[in-house]
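Residues per chain, in single letters:
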Amino acid sequence: MLTTIITGKDSQSSDALQAFIESSDSEISHLILNYDLMVKKHKEVLLQQHEKLRDRDSASCLKLNISSRTLLLVDGLSDFQQKEHDLMQVGVTRGGRRNHLRQLGLSKLFEPLTKVSLPPRVTLTVGVAGIGKTTWVRHFVRQWCQGSICPDVHFVLPLTFCELNPLEKLSAERLLKMTFPHLSEPGLVLSNACRTLLILDGLDEFRTSLNFSDAAPCNDPKREVSIDDLVTNIIRGNLLPDIAVWVTSRPGVASQIPGGLVDRVTEIPGFSPTDIQIFLNHHFSEKDFAGRIWAHLESHKVLMVMCYIPCICWMLAETLVYILQSGTQESLPKTCTELCVHFCSMIAEVGEPRGREPVKSEQLHATNRKLLGNLGRLAFYSLLKHKYTFSEQDLRAYGIDLLLMQSSLGAGVLIRWESTIHSTYRFTHLTLQEFLAATFYHVSSKRAIFDLFSESTMSWPKIGFQNHFRSAFQHSQQAEDGHLDLFVRFLTGLLCPTTIKPLAGLLALGKDDGSQKVWAAGFLQGLLSSVGSVVSLRAVNLAYCLQELQHTELLRSVEEDLRQASLAGKLTRPHCVVLGYLLHVSPECSEQINLTGCLNYPTVKSLLPQLLYCTHLRLESNNFKDDVMELLGSLLSAKDCHIRKISLADNLISNKGAKALSRALLVNRTLTSINLKNNNIGSKGAKFLAEALKMNQALVSINLQNNSIEEEGAQAVAEVLQCNRKLVSLNMRKNTVGAGGAKRIAEALKTNRTLTKLILCSNQLGDKGTAALAEALTFNHTLLSLQLQSNSISNKGMTALTKALRLNRGLVSLNLRENSIGVEGAKNMAHALQENNSLQNLDLTANLLHDDGVRAIAGAIKFNQGLTSLHLQWNFIKSTATKALAQALLTNTTIQLLDLQENTIGNEGVISLAEALKVNTSLRTLCLQGVSAGTSGAVAMAEALTSNQTLQTLDLRGNAVGMEGAKALANSLKCNRSLKSLNLQENSLGMDGAIFIATALKGNHQLAYINLQGNGIGESGAKVISDAIRASAPSCVVDI
């Protein structure tokens, strides 16, 4: 009957279908009848609730479109995320994106990743406090209600753990009825007939920890169980197995959920520097505040790091604008403590006219003072209990009048969240809770006679501020999760008299003579000297405290030593701690830290945890042996490792060290470049690395120069090239590789399509090895650069290469310096250049080309349209061949660099080149060092420069230009506007010639570098000339 009705096409069929559905008692019929109305009502209610919060979301996460932003799909939580304070995480990573598998838009969050995979049942999204987890959830709910996202999800049920906190025992169905009373058929919503998404936002705000090992199992949605067991069973899938679950949490608490229960983990990335600028420009478009605030952030990296968190970025921007608008000439905050002091001062004064005199302490309302004290007490003791949300009962217990929460101070510090179940409060940001906790401890410690870390008055007596201060640091250092790190930073920062001044009235503080600051600085430095053998994050936090105290002598000293590469012999324990701190706050250090020649085994072991988050690590010339490589291997194997480049050049690493490194490469997914130049890994070490590179899918560049890998090692590397599809650059210079090794590498190149740069200089390839590589070039068109310097290549090997070049259309750069290529080889190259237009850089320096060979190449250049760089230094070239080259330059339009150094071309050759320059418009660099040129050649070149407006670099070192030549060149500089670099070193210019050049620069503003060394000027003359040039052309660099 149903089939007949459905296939019918008239209105009677439609009426019959309606009647059939209404008369049926099946679950399907209930779904059809109630679904549309229930979904519509549900969306209306959710949209109404979440639209109210749109402005708050915009303030904390800016008015950037979340729809265009992405989540990071990550491979679980790292140890660091699970164990450390949020701001320490942001500080260490500087808000940078964690290693992730891919990016996911919000619309793809609950979809299968591939065509054959299933959608996730449990999705976990993590992010530090204030990063915007709740904002993303609210945005998702709004988008879903409007039909813009996940249309195949029938019901979205957003809950916060704050709402669940007051609940004791209930069933899944009762929970649904309490939170969504408008859903008339809760059983239908929770059944497999609908696709339902349950959102549990803010696991870190749940009053109890989830215990998956001891939770009583429950699979009946009508059965009442404790709220934590209810949540546990839902996530485990015992309860409501057919609904999808989305949990959000701070990383540390998220680890309560066993990884095996989570199908997908995503992370919300912080603001990038570009995002911060966009936010500032949007938030303060009316005035020039955005630019001033950005400049301030760039000067104070600690604040910049905090701005990676959107909520703190908003707090900082609002505070700084308030200070700028007040007209009080107060300096802008330089530390986190100063920022929070000014923020609290601002919200206490909100509503008063801007541009007035600073509020005096006696004018501040006593109510605000009491409120701030009670809020501080609530913040401190809740922080000790890891409690971050509060009920009205909690507020009353700490003497906080709920009516006062409507004041500017109360509303600015605590946010109220109302739900269908009850109202909760939380601090604007976790940072603010930690700051207020510090203010309470700071004020109370000056009069308390009992240990403040015990809320009971029946605690161990502790008298005096210094004892309380020591106690705070003792508790902080013992807290493995670092949850008191920021608290002690603030506590230290409050000892700086200038920092606390704006809040002095609210805190009812007396006059501070700065003695406590001095004492605290000594105390902290004492702690730095007594840290353990490994620099932990608790130790690094001590350096943060010195920064907050604005006692930065040690910090600046280490930073200066690091900048000047003078840390050798200075890395004491305090220095190592400060170095760890600099790796956190200094983008320059994190991007590339140069620890060349200053480390040993103990210091590496000490710094190891802090090196994880460097991007480029330079550890050259440290005499590292294999024991250090074991340490570095563990570093590179860590899940949290962010290192992309590591240079271990010029150490003492053997095959055992290479083995440790190879083990790390099997698991590392971040390292893209390794430099092992000038070690001694040998063929065994090369084999170890080769085995790892067959599996590694991240490394793109490896430098094995001068490591005695020999033929056996080269064969192992060749095997890598046959299967590895990531390696782009391979340097095997100076490794005693012979023809056999070259043949194996050549065979691999025939099938390899990823390697673009191969360096085999200073080996023993000979003509046979070269011929094998040449044959590979007829198959391989992806290799871009081949360097074969110093390999005993004769005309025979050159003939094989040139035959390959006639067929190859990929090679861009070919280095054949310091071989034995003669006239015949040069002529063969000339024939190849007439057919090959893909080769751009050709280096034939220090061969045996002579005039005949170069003339042949010059003839080819007339027609070649690919070559841009030609090196012919040390080739016994004379004026005849130079004239041929000059003739070629008259028609060639691609050559940009011509190097003829150390060839006796004489004045005649230089004059011919000068004539060509009057016509040529492509040449940018001309190298004529030591070419036996004299005054006439210089005069001709000067004449050419008056008309040529494209040459940028002219090198005339080691000739005999003389005073007259200098005078001519000086006159040409007055009108030439293209030359940027001129080298006249050792040219017998004399004082007069140098003066001519210096005087000419008054009218020349393009020259950026000039070298006048070795011209018999003398020290006093050099100073006069140097001063004259700097006065005429301040931007010009002078070597004299």
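The sections below set out a description of the structure shown in this document. In this text the structure is predicted, and so the values were computed from the model without any measurement. (Residues numbered from 1 in each chain as written. Predicted model: local features only at pLDDT ≥ 70, side-chain atom pairs only at ≥ 80, totals over all residues. Heavy atoms only, no water.)

**Concerning the packing of helix H26 (residues 515–529) against helix H27 (residues 537–549)**
Our working definition: For every element, the axis is a line fit to its C-alpha atoms; helices are fit only across the contacting stretch, and the angle between N-to-C directions ranges from 0 to 180 degrees. Under the DSSP-based scheme used, a helix requires at least four consecutive residues in state H or I and a strand at least two consecutive residues in state E, with every element numbered from the N terminus. The scheme is simple: roughly parallel for angles under 35 degrees, roughly antiparallel for over 145, roughly perpendicular for 65 to 115, oblique for anything else. For any pair of crossing helices, the crossing counts as left-handed if the nearer helix is rotated counterclockwise from the farther one by less than a right angle, and right-handed if it is rotated clockwise. Contacts are residue-level and defined by heavy atoms, with any inter-residue pair within 4.5 Å sufficient. Residues are grouped as follows: Ala, Val, Leu, Ile, Met, Phe, Trp, Tyr, Cys and Pro are nonpolar; Asp, Glu, Lys and Arg are charged; every other residue, Gly included, is polar.
Where H26 meets H27, the closest approach of the two axes is 10 Å, and the angle between their N-to-C directions is 160 degrees. Considering their axes alone, H26 and H27 lie roughly antiparallel with respect to each other. The chirality of how H26 crosses H27 is left-handed. Side by side, H26 and H27 meet where Lys517, Ala520, Ala521, Leu524, Leu527 and Leu528 of the first sit next to Ala539, Leu542, Ala543, Cys545, Leu546 and Leu549 of the second. Split into classes, the residues belonging to the contact of H26 with H27 amount to 11 nonpolar, no polar and one charged.

**A closer look at helix H7 (residues 133–145)**
This is how it is decided: One less than the residue count of a helix, multiplied by 1.5 Å, gives the span that helix is expected to have. Note on exposure labels: buried denotes an accessible area under 20% of the residue type's maximum, exposed denotes more than 50%, and partly exposed covers the range between, all computed with a 1.4 Å probe on protein chains only.
The terminal C-alpha atoms of H7, which comprises 13 residues, lie 19 Å apart, in line with the 18 Å expected from a rise of 1.5 Å per residue. Within H7, 12 of the 13 residues are buried, leaving the element largely enclosed by the surrounding structure. The complete set of buried residues in H7 reads Lys133, Thr135, Trp136, Val137, Arg138, His139, Phe140, Val141, Arg142, Gln143, Trp144 and Cys145. Looking one or two residues past H7, Gly147 carries a phi angle of roughly 75 degrees, positive in sign.

**Brief notes about the side chain of Arg426**
Stated formally: Throughout this description, a polar contact denotes any pair of N or O atoms lying within 3.5 Å of each other; where both atoms belong to protein, one of them has to be capable of donating a hydrogen while the other can accept it, and for residues adjacent in sequence the pair is counted only when both atoms sit in side chains.
By the element assignment, Arg426 lies in strand S11 (residues 423–427). Only 2.8 Å separates the side chain of Arg426 from the side chain of Glu205, close enough to count as a polar contact. When near neighbours in sequence (up to four residues on either side) are disregarded, Arg426 contacts Cys162, Glu205, Tyr388, Thr389, Phe390, Val413, Leu414 and Ile415.

**Here's the deal with the environment of Pro241**
Along the polypeptide, Pro241 turns up in the loop between helix H11 (227–236) and strand S8 (244–249). Classification of Pro241 as partly exposed rests on a relative accessible area of 46%. Residues Pro241 and Leu758, 517 residues apart in the sequence, show an inter-C-alpha distance of 56 Å.

**Quick word on unusual backbone geometry**
You will see that Gln550, though not glycine, has its phi angle at about 60 degrees, which is positive. Take Gln550: it is sitting in the loop between H27 and helix H28 (553–563). Among the residues examined, Gln550 registers a relative accessible area of 28% and is labelled partly exposed.

**Describing the side chain of Thr428**
As for its placement among the helices and strands, Thr428 is situated in the loop between S11 and helix H21 (430–444). Side-chain polar atoms of Thr428 contact the backbone oxygen of Gly412, separated by 2.7 Å. Sequence-distant contacts of Thr428, defined by excluding residues within four places in its chain, comprise Cys311, Trp314, Gly412, Val413, Leu414 and Ile415.

**Topic: the state of the cysteines**
Counted only if it meets this: The rule for a disulfide is simple: a pair of cysteine sulfur atoms within 2.5 Å.
Summed over the entire model, instances satisfying the criterion amount to zero disulfides. Cysteine Cys545 remains unbridged, with the sulfur of Cys336 as its closest cysteine sulfur at 11 Å.

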